[in-house]
Amino acid sequence: MTTSLELMERTHTCGELRGTDEGKTVLLKGWVDSWRDHGGCLFIDLRDRYGLTQAIFNYAELGQTLDAASSLRNEFVLAVEGKVVSRGENINKNIPTGEIEISVSRFEVLSPCKVLPFEVDDDTNAHEELRLKHRYLDLRRPVVQKNLILRHRLMQLARNYLSEHDFMEIETPMLTKSTPEGARDYLVPSRVHGGSFYALPQSPQLFKQLLMVSGYDRYFQIARCFRDEDLRYDRQPEFTQIDLEMSFPTEETIYGLMEGMMVLLWKELLGIELQTPFPRMTYAEALDKYGRDAPDTRFEMFLTDLTDLLKDGCGFGVFDGAIEGGGLVKAINVKGKAKEYSRKMIDQLTDYVKTFGAKGMAFAKVKDDGTWQAGFAKFLSEDLMKALSERLGAEADDLLLFGADPKASIVNESLGRLRIRVAEEIGLIQPKQYSFTWVTHFPMFEYDEEEERYVALHHPFTMPRPEELHKFEDGGDLSDMLANAYDLVLNGQEVGGGSLRIHREEIQKKVFHALKIGEDEARAKFGFLLDALGYGAPPHGGLAFGLDRLTMILAGTSSIRDVIAFPKTTRASCLMSEAPSEVDDKQLQELSIALRKET
RNA sequence: GGGGUGGUAGUUAAGUUGGUUAUAACGCUGGCCUGUCAAGCCAGAGGCCGCGGGUUCAAGUCCCGUCCACCCCGCCA
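What you see is a predicted model; the values in this text were computed from it and never measured.

Caption draft 1: Molecular detail of unusual backbone geometry. Going from Thr 276 to Pro 277, the amide bond is cis rather than trans, its omega being -10°. Looking at the element boundaries, Pro 277 is found in the loop between helix H7 (251-270) and strand E11 (280-282). The step from Ala 579 to Pro 580 runs through a cis peptide bond, and the omega angle for that step is 0°. On the secondary structure map, Pro 580 appears in the loop between helix H16 (547-555) and helix H17 (585-590). At Glu 75, a position not held by glycine, the phi torsion is positive, near 70°. The residue Glu 75 is located in the loop between helix H2 (66-69) and strand E4 (77-86) in this model.

Shown next as structure tokens:
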């Protein structure tokens with residue numbers, strides 16, 4: 001009696017066999033990727049995550065069992081035993097195993113497959129909704145597998161790199177204390193302490209600082225983080241950070257180590273040699289030239305500030321009003337594209353900037369004689385137009401796009417986003433281009449008009465730059481106090497951010513004071529950190545990388561869901577498992593949570 | 001919380017100014033076929049047109065509401 005193939009170990013994967021294996025008797029197991037029935041013979045491509053191998057079921061070899069083979073369909077799980085034979089004239093150059101095929105002598109269906117909800121195929125055109133509902137099928141597709149393999153390799157490289165540089169991987173709790181500063185927490189009710197809640201971590205921030213106090217001078221963790229906020233193409237309610245912290249660093253130590261890690265990742269994963277050191281830019285410069293704290297440095301087309309040239313008034317109400325209201329007038333120069341941009345296209349750009357709060361968008365087309373064709377041209381004196389042209393480097397056929405608003409932030413945000421959109425439209429951005437920049441010298445605080453107080457731009461444990469500390473004593477305006485915080489920006493996306501932290505209790509207290517976090521409140525929320533800082537805390541700092549975003553960029557995908565095995569929708573539900581779901585009244589009672597009233 | 005786009009066989013889409021039996025491709029079922037690799041040829045089955053109201057002699061199509069997904073703004077220290 002022969003042993004069932006199901007009980008036998010496969011001899012090879014479906015991506016392994018080559019011409020040199022000809023003559024071997026092999027056993028492969030995998031999924032039917034496609035089948036082509038020719039009556040007398042049947043071709044099947046068998047797939048696993050390593051590749052595809054063609055198996056041929058031949059009438060002469062199999063006799064009447066060919067009838068059984070003809071019922072094989074896509075995504076059946078199959079074991080095939082047979083001899084590796086050359087394909088002779090019929091080599092398939094599209095797959096690595098294309099020189100050979102398996103001439104099947106015996107096969108078993110290990111598992112059949114129902115009619116599929118969508119075709120499990122790289123170029124499936126099924127909607128994402130359907131693919132997420134059957135994610136286990138979607139994950140079979142080689143393109144998706146490729147992304148997860150990339151993610152795995154990235155994690156391994158990061159782990160090894162950090163370990164080699166004396167970082168210890170230490171796990172911090174998932175059930176932590178809610179600290180409602182910043183993003184909304186996911187809460188977990190406590191059964192034992194009825195009415196009390198844990199929070200899932202938004203980041204391991206406090207714990208990693210405490211590890212520094214404890215003397216674990218280099219820590220890292222590939223840490224799952226949770227934020228209960230609305231989602232986007234690059235935001236999930238749970239996401240992963242490569243989180244690290246070190247004691248006694250200088251800023252340079254951190255930049256050097258992190259650049260080394262990026263160099264390694266790009267070399268190993270993309271075969272690209274990155275140049276170091278990465279350029280650096282202050283937050284102020286980023287805002288001035290790019291309009292954003294995450295500048296896309298793959299192309300120029302900078303924002304040009306025209307406010308000083310227009311400060312005496314020009315008669316154009318939009319510009320004058322913006323400046324009188326304490327705002328800005330800035331512009332970008334789209335070189336040589338005035339003729340390409342129709343009125344309709346410019347209207348679309350206007351609609352676009354309006355989504356960022358701009359009231360409109362003035363534009364001008366530079367004529368051959370250097371003067372402007374613009375609705376507001378009549379307001380500009382010859383000298384003023386000349387001065388503006390010179391500042392903007394304007395030449396014939398340039399398209400000038402203006403942002404003007406009493407709120408500087410609206411001008412920067414709208415023009416900054418417009419700059420990127422236009423660059424995409426006119427092809428300034430090359431594929432496979434990777435442009436890193438450190439953005440430094442972030443402000444400590446920004447004013448929150450709703451709460452009528454300063455809030456921390458980074459987080460409340462960020463160290464002010466040492467030369468700024470005196471501003472606490474001077475009293476008054478803290479809006480220009482700079483922090484020892486830095487972001488790593490890649491192609492206009494923040495991929496990492498961090499800071500040197502406060503390691504002295506009295507500075508931490510001053511920051512809390514500036515944030516109008518009272519002593520009692522500070523004690524209740526962060527007492528353990530304040531205490532720890534009083535027991536010999538080393539100077540420390542670190543940063544966290546967004547693993548999902550990094551993987552997205554490396555994989556060249558446009559959605560974070562493409563690099564997460566089981567992602568959630570933009571309404572934070574899992575279409576496959578149907579989480580979140582209602583729970584029994586009994587469960588709620590145990591958790592001391594009031595039952596939902598029937599209505 | 002606000003705005004935009006989409007939802008029609010298993011899947012992806014078409015469906016005109018409202019009008020007779022709602023099309024096509026792929027998939028599925030059956031038949032033919034020994035060199036396919038997007039296999040080919042023939043035949044067939046398959047529909048709560050997201051859901052609920054309304055207008056109308058008549059609704060996939062028009063109106064109102066609602067659900068789901070995606071994208072954007074707010075939000076995300």
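Caption draft 2: Seen up close, helix H14 (residues 505-514). Residues of H14 that are buried: Ile 507, Gln 508, Val 511, Phe 512 and Ala 514. The buried residues of H14 occupy an angular sector of 160° when projected down its axis, which confines them to one face. In this fold, the buried residues of H14 make contact with strand E18 (445-448), strand E19 (453-456), helix H13 (470-474) and helix H15 (519-533). Directly after H14, the chain includes Lys 516, whose backbone phi takes a positive value near 60°.

Caption draft 3: Region of interest: the pattern of salt bridges. In the structure shown here, the tally under the stated rule is 42 salt bridges. With its nearest N and O atoms 2.8 Å apart, the salt bridge here joins Arg 501 to Glu 245. In this pair, Arg 501 sits in the loop between strand E21 (493-500) and H14 while Glu 245 sits in strand E10 (residues 238-247), placing the two residues 256 residues apart along the sequence. Assigned by exposure class, Arg 501 and Glu 245 land together as buried. Here Asp 480 ties to Lys 471 by a salt bridge, and the two come within 3.5 Å at their closest N and O atoms.

Caption draft 4: Main features of the nonpolar core. Ranked by size, the top nonpolar core spans 73 residues in total, and within it Leu 162, Met 258, Met 261, Met 262, Trp 266, Phe 445 and Phe 545 carry the most contacts. Discounting residues that sit within four places of it in the chain, Phe 545 has contacts with Thr 240, Gln 241, Ile 242, Met 258, Met 261, Met 262, Leu 488, Val 495, Gly 496 and Leu 550.

Caption draft 5: Up close: the environment of Ile 420. With respect to the helices, strands and loops of the structure, Ile 420 is situated in helix H12 (residues 408-425). Relative accessible area serves as the criterion here: at 14%, Ile 420 is assigned to the buried category. Residues Ile 420 and Leu 490, 70 residues apart in the sequence, show an inter-C-alpha distance of 14 Å. Once residues lying within four places of it in the same chain are set aside, the contact partners of Ile 420 are Arg 292, Asp 296 and Phe 299.

Caption draft 6: Just the protein's contact with RNA strand B, in detail. RNA strand B sits among 49 residues. The nearest are Asp 37, His 127, Leu 457, His 458 and Thr 570. Of everything in RNA strand B that lies within 4 Å of the protein, sugar and phosphate atoms constitute 57%. Measuring from a base nitrogen of RNA strand B, one finds a backbone N or O atom of Asp 37 at 2.4 Å. At 3.0 Å from a sugar or linking oxygen of RNA strand B is found a side-chain nitrogen or oxygen belonging to Arg 561. Of all elements in the fold, only strand E1 (25-37), strand E2 (41-48), strand E3 (51-58) and helix H3 (128-133) reach the threshold of two or more residues within the surface near RNA strand B. The residue inventory of the surface near RNA strand B, partitioned by class, reads 15 nonpolar, 17 polar and 17 charged.

The rules behind each value
Residues numbered from 1 in each chain as written. Chains lettered and ligands numbered in written order. Predicted model: local features only at pLDDT ≥ 70, side-chain atom pairs only at ≥ 80, totals over all residues. Heavy atoms only, no water. Helix = DSSP H or I, 4+ residues; strand = E, 2+ residues; numbered from the N terminus. Buried < 20%, exposed > 50% of the residue type's maximum accessible area, 1.4 Å probe, protein only. Arc of directions from axis to C-beta. Contact = heavy atoms within 4.5 Å. Salt bridge = Lys/Arg side-chain N within 4 Å of Asp/Glu carboxyl O. Core = buried A, V, L, I, M, F, W, Y, C linked by side-chain atoms within 4.5 Å. Near = heavy atom within 4 Å. Polar contact = N/O pair within 3.5 Å; in protein donor to acceptor, adjacent residues only side chain to side chain. Nonpolar A, V, L, I, M, F, W, Y, C, P; charged D, E, K, R; others polar.

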